[in-house]
Each structure stands twice: as C-alpha cells, then as structure tokens.
Amino acid sequence: MGSKVNHEKRTQYTVIKILLHPTAGQAELMEKTFGCCRYLWNKMLADTEEFYAATDLHFIPTPAKYKKEAPFLTEVDSQALSTVHQNLRKAYLNFFRAPSAFGRPQFKTKRARKDSFTVYCRQYCTGPSIRLSDYGIQMPKLGFIRATVHRKPLHWWSLRFVTISRTASGKYSCSVTFGYDATQPKKIVPTRERTIGLNYSLTRFYVDSNGNSPALSRQLNQSKEKLARMQQKLSRMEFGSKNYLEQQQKIRLLHERMTNQRRDFIHKESRRITNAWDAVCVRDTDLIELSQKLKQGGVMDRGFGRFREHLKYKLERQGKEYIVVDRLSPAAKTCHQCGHVNDKLTSRERVWTCPACGASITREVNTAQNIRDMGLTQFHKQTKETSAA
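The present account deals with the structure reproduced in this document. (Residues numbered from 1 in each chain as written. Predicted model: local features only at pLDDT ≥ 70, side-chain atom pairs only at ≥ 80, totals over all residues. Heavy atoms only, no water.)

## Some thoughts on the overall build of the protein chain
Okay, so step 1: Helix and strand content of the protein chain: eight helices and 15 strands.
Okay, so step 2: C-alpha extents for the protein chain along the principal axes are approximately 80 × 80 × 55 Å.
Okay, so step 3: Relative to its full complement of 389 residues, the protein chain shows a buried share of 41%.
Okay, so step 4: Contacts spanning at least 24 positions in sequence make up 68% of the contacts within the protein chain whose residues lie at least 6 apart. (Helix = DSSP H or I, 4+ residues; strand = E, 2+ residues; numbered from the N terminus. Buried < 20%, exposed > 50% of the residue type's maximum accessible area, 1.4 Å probe, protein only. Contact = heavy atoms within 4.5 Å.)

Have a look at this one:
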C-alpha cells in the first residue's frame, strides 16, 4: 500500500489594486457613500456608547434603524452600510480582547483626507454582483466604472469584496480582493548556509549577515529633495490663497508618488530575498520606540515595518521560515567570533574591538550575524519542543 500524502488546503487572499476613472455622476455617488458610511459609523458608535452607559450592556444597532430618520442612506449601496456595522463590531471585539493594543473605537471626522467603503460580492441567478474586466469594474448602484487594470486575476480566483477609497489628492482607487483554495506548501527546514539575518539600519535600510545592503531607490531620494523645496516654497505663500491651495495639491500628489515608490521598492526587495533564501531572521525592533528615542526623522519614513510584513507572508506562502528574534537580545554587544558580551559598548561605536579575542568588529554586520545565529537556535529549540510534545 502506498503512503497517503496529506495536502492541507486553506483559503488564500490576493488583492489587485486598480485606479478608477469615474464619471462626474459616479464620483458624486461615491462621495455620498463615503459620507453615509461616516455618518452611520458615528451614529451607531454614539448609540452603542449611550446604551452601554445606561444599561451596562453592549449592543450595536443595525443600519435599518437609521434609514427612517435619514432617508439619504437609501441612495447608496446597502452592502456598504452593512460593512460599516461589521467593522464596528470587529473594532469592539478587538478592543475587548486587547484594549492597550487596539484602543476604543473613535468617531470619524469629515476632515479626514482618505475615505473608503467596502462592498461584498453576492451571487445571483444572473451572476455575481461585482465583475472585473480588462477596462473597468461593474459595481452595484455605480454601474460600470472605467479603470486602469494592470493585472488580470487567474481563472480559479473568486472575487470576494472590493474597497473603494479616495486619496488626499482626489484620486479614486479600488482594491479588489480575491480568494482561492491553496495547498499548504511543504515546510523547508532552514540551514545556516540558506539562512540570512537582517539588521535594521537608519541610513542603509538594512544590513544582512553577509555585509550587504539594498540599493536604495534613487527616484525616492530625488522626490524627498523635491518635497523639501516645495514645502519651503509653500511656507512663503499667503495661507488660503489660490497659489497656496495649488501648491498644497502639488505636495499631495508628490506624497502619493513617494508612497508608490516606497511600496514598489519594498515589494521588489522582499520578493528578491524570499526567492534567494530559505529562512530570514529579523529582530523584533519597536520602530516607534526607536524613533522617539533617537528624536530624529527617517526611522518611520523608510517603511521597514511594512517590509517585514511583506517578507513574512511571502515566505509563508513558499513554506519558508520567518524567524523573529527578541528585541532585548544582546545581538549588538555580542562578539560573533567568540561569543563575548561587551556590556560597555555604547550606541555611538560603529566599529569596536572585542576585549576577549581582539577581533575587529563592524557593528551592523556583527549584529546581523548574531540575529541569524540566534534565530536558528531559537527555531531548532522550538522544533524539538514541538516534536517532543
């Protein structure tokens, strides 16, 4: 008898983001939907808090309760309003589970520069309620919206829901989420030769255990210099004047361009590392705490936190390991050659000599090597404990 191979399947999601080109009527209806979703969120949140204060019970009313007192809610898609109710429920569940991590749900302001609403795809006898084509997307109430579709979904993907959002510069985009059953990939056991350690670097984005750093985007650096000049020009203009508003719009467009450049760099770099290595070890560095400690810009600007998130899901989809090392581990103060911990090492010393073995050590490379070794030790220890249990 042949041995049976257990191929576990799980639902995997992929998002395709497209740029919308709505007509004036479609743009007006989308703006109404943004406003209705914001209005409904604030009303449900206020009534929930009031009911809790009076009865000490938690209850979230449904959107149907507000349609009589606010008839304009019937003008937009009911799916978008139902999603607001679901999102508020999830927000409270997260708050009750971890109050310090998520915080209490807050009211939404009209001054927010980015609005969005989500519509789920329903199946009818005539077909799905949402359809994506080569030239646009068919939506309930909105009809066919022309769009720039840069990527086609595969034929076995199933459209689940879409999220329409408006950026600060006034552009409309749509994130189309697809789901499909994916076979669980075979786990790859990492070895030292096929494992890399990454150490966050303020100036070089990261330094790996081989002493290499990524080639930073030249276009992004040019955009940062251009942004500084444009903001300096804006500061000399009269507040609220026509030239001031035009310059503000130019700055918003440049911010969006920089966001796209940063996202493109992160996706390409995370894909390159995922394809080249079987395991990646990183330290659980708190970037917010680090930025407050250093009291200078650039820590949150690089997008290293998002880079780690992309690395994690891309490695997991290929059956590879993403290993996180404790932020309090003495990776920077430990000599990679002999293991001696130099407690007298200060944060300003970039090159130091080990007092035990006399080796000359480059701080960032040494830290990345220690992160790799600590991560592998941690992984093998957890594997033994799991197999023993």
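Moving on, there is more to tell.
## Observations regarding the environment of Gln 86
Okay, so step 1: Structurally, Gln 86 is set in helix α2 (residues 78-97).
Okay, so step 2: Taking the C-alpha atoms as reference, Gln 86 lies 9.8 Å from Ile 60; in sequence the two are 26 residues apart.

## With respect to the side chain of Thr 367
Okay, so step 1: Structurally, the position occupied by Thr 367 is in helix α8 (residues 363-388).
Okay, so step 2: Look past the residues within four positions of Thr 367 in its chain and what remains in contact with it is Asn 199, Arg 283, Ala 331 and Ala 332.

## Details of a nonpolar patch on the surface
Okay, so step 1: A contiguous nonpolar surface patch, about 300 Å² in accessible area, is contributed by Phe 51, Leu 57 and Phe 59.
Okay, so step 2: Locating Leu 57 in the fold gives a position in the loop between α1 (24-55) and α2. (Patch = residues over 30% accessible without salt bridge, like charges linked within 9 Å, V, L, I, M, F, W, Y side chains within 5 Å. Areas by Shrake-Rupley, 256 points an atom, 1.4 Å probe, with all protein chains shown as cover. Salt bridge = Lys/Arg side-chain N within 4 Å of Asp/Glu carboxyl O.)

## A look at the environment of Ala 276
Okay, so step 1: Along the chain, Ala 276 falls in helix α5 (residues 242-276).
Okay, so step 2: Here Ala 276 falls in the partly exposed class, since its relative accessible area comes to 31%.
Okay, so step 3: In sequence terms Ala 276 and Ile 196 are 80 residues apart; their C-alpha atoms lie 9.6 Å from each other.

## Topic: the pattern of salt bridges
Okay, so step 1: Counted according to the given criterion, the structure contains 17 salt bridges.
Okay, so step 2: Taking the shortest distance from any N to any O, the salt bridge between Arg 38 and Asp 115 comes out at 3.6 Å. Taken together, the positions of Arg 38 in helix α1 and Asp 115 in strand β2 (residues 115-120) put the pair 77 residues apart, joining distant regions of the chain.
Okay, so step 3: Salt-bridge contacts for Arg 327 lead to Asp 286; the nearest nitrogen and oxygen are separated by 3.5 Å. Of this pair, Arg 327 sits in the loop between β13 (321-325) and β14 (351-353) while Asp 286 sits in the loop between β12 (279-283) and α6 (287-294); the two residues are 41 residues apart in sequence, bridging distant segments of the chain.
Okay, so step 4: Arg 327 gets classed as partly exposed once you look at its relative accessible area, which sits at 36%.

## Notes on the sheet that holds strand β6 (residues 136-139)
Okay, so step 1: Ordered by their spatial adjacency, seven strands build an open sheet running β2-β8-β9-β1-β7-β6-β5, and the pairing between neighbours is antiparallel. Because the sheet does not close on itself, it has two edges, and the strands there are β2 and β5 (131-132).
Okay, so step 2: Sheet topology places β6 next to strand β7 (residues 143-148); four bridges connect them, and they run antiparallel. Along β7, the bridge assignment pairs Met 139 with Gly 143.
Okay, so step 3: Along the sheet, α1 contacts β1 (9-21), β2, β7, β8 (158-166) and β9 (172-183); its crossing angle with β2, the most-contacted strand, is approximately 95°. (Pairing = 2+ DSSP bridges. Axes fitted to C-alpha atoms, helices over the stretch in contact; angles between N-to-C directions.)

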